[in-house]
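In case you want the letters, here they are:
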Amino acid sequence: RFLCDTLSIGDFWRNWHASFADWIKAYLYPQLRRRLGLGRPLATAAVFLFVALWHDVEPRLLAWAALNVLGLLTERCFLDLESP
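Just so we're clear, the structure is a prediction, and the values are computed from it rather than from any experiment.

## Here's the deal with the packing of helix 2 (residues 18-35) against helix 3 (residues 40-55)
Working step 1: Running from N to C, helix 2 and helix 3 point in directions that differ by 130 degrees, and their axes come no closer than 10 Å. Overall, the two elements helix 2 and helix 3 adopt an arrangement that is oblique. Between helix 2 and helix 3 the crossing geometry is right-handed. In this structure, helix 2 uses F20, W23, I24, L28, Y29, L32 and R33 to contact helix 3, whose residues at the interface are R40, A43, T44, A46, V47, F50 and V51.
Working step 2: Tallied by class, the residues present in the contact of helix 2 with helix 3 amount to 11 nonpolar, 1 polar and 2 charged.

Listed below in structure tokens is the structure:
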């Protein structure tokens, strides 16, 4: 998996720090979706908020999380428009 070969924001995050991403996909994201009943946008935002807070409580990391969520959701909207 090469990060420079990714063509989308989603692909980038699927390939970044694979072990941590796998843990999030296996334990955190499904719980947010199923147990708490959050939709994809809120669950995605909660995951990025968790990752930002995991590193440190700083405004720049919260802004990083918000920009990533915005980028992922924008990309998802365009992908949904393209699919029949």
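The structure having been displayed, the exposition proceeds.
## Points about the packing of aromatic side chains
Working step 1: For the coordinates displayed, the defined rule picks out 6 aromatic pairs.
Working step 2: With a centroid separation of 5.9 Å and an interplanar angle of 40 degrees, the aromatic rings of F20 and W54 are classed as tilted. Of the two residues, F20 is situated in helix 2 and W54 in helix 3; the sequence distance between them amounts to 34 residues.
Working step 3: On the basis of relative accessible area, W54 is assigned to the exposed category, the value being 55%.

## Looking at the confidence of the model for the chain
Working step 1: Scored by pLDDT, the chain has a mean of 84; 93% of the residues are at 70 or more.
Working step 2: When mean pLDDT is compared element by element in the chain, helix 3 scores highest at 89, while helix 1 (residues 9-15) scores lowest at 75.

## Re a nonpolar patch on the surface
Working step 1: The grouping of L49, L53, V57 and L62 at the surface amounts to a nonpolar patch, some 340 Å² of accessible area in total.
Working step 2: Within the fold, L53 resides in helix 3.
Working step 3: On the basis of relative accessible area, L53 is assigned to the partly exposed category, the value being 39%.

## Considering the pattern of salt bridges
Working step 1: Summed over the entire model, instances satisfying the criterion amount to 2 salt bridges.
Working step 2: Where K25 meets D22, a salt bridge forms, and the shortest distance between an N and an O atom there is 3.7 Å. Highlighted residues: K25 and D22, both in helix 2, separated by 3 residues, approximately one helical turn.
Working step 3: Taking relative accessible area as the criterion, D22 reaches 38% and is therefore assigned partly exposed.
Working step 4: Across the pair R60 and E58 runs a salt bridge, and its minimum N-O distance is 2.7 Å.

## Considerations on helix 4 (residues 59-82)
Working step 1: Taking 1.5 Å per residue as the helical rise, helix 4 with its 24 residues ought to reach 34 Å, and the 35 Å between its terminal C-alpha atoms agrees with that figure.
Working step 2: For helix 4, the full list of buried residues reads L61, A65, N68, V69, G71, L72 and E75.

Parameters at a glance
Residues numbered from 1 in each chain as written. Predicted model: local features only at pLDDT ≥ 70, side-chain atom pairs only at ≥ 80, totals over all residues. Heavy atoms only, no water. Axes fitted to C-alpha atoms, helices over the stretch in contact; angles between N-to-C directions. Helix = DSSP H or I, 4+ residues; strand = E, 2+ residues; numbered from the N terminus. Parallel < 35°, antiparallel > 145°, perpendicular 65-115°, else oblique. Left-handed = near helix turned anticlockwise from the far one by under 90°. Contact = heavy atoms within 4.5 Å. Nonpolar A, V, L, I, M, F, W, Y, C, P; charged D, E, K, R; others polar. Phe/Tyr/Trp six-rings, centres within 6.5 Å; stacked < 30°, edge-to-face > 60°. Buried < 20%, exposed > 50% of the residue type's maximum accessible area, 1.4 Å probe, protein only. pLDDT = per-residue confidence, 0-100. Patch = residues over 30% accessible without salt bridge, like charges linked within 9 Å, V, L, I, M, F, W, Y side chains within 5 Å. Areas by Shrake-Rupley, 256 points an atom, 1.4 Å probe, with all protein chains shown as cover. Salt bridge = Lys/Arg side-chain N within 4 Å of Asp/Glu carboxyl O. Expected span 1.5 Å × (residues − 1).

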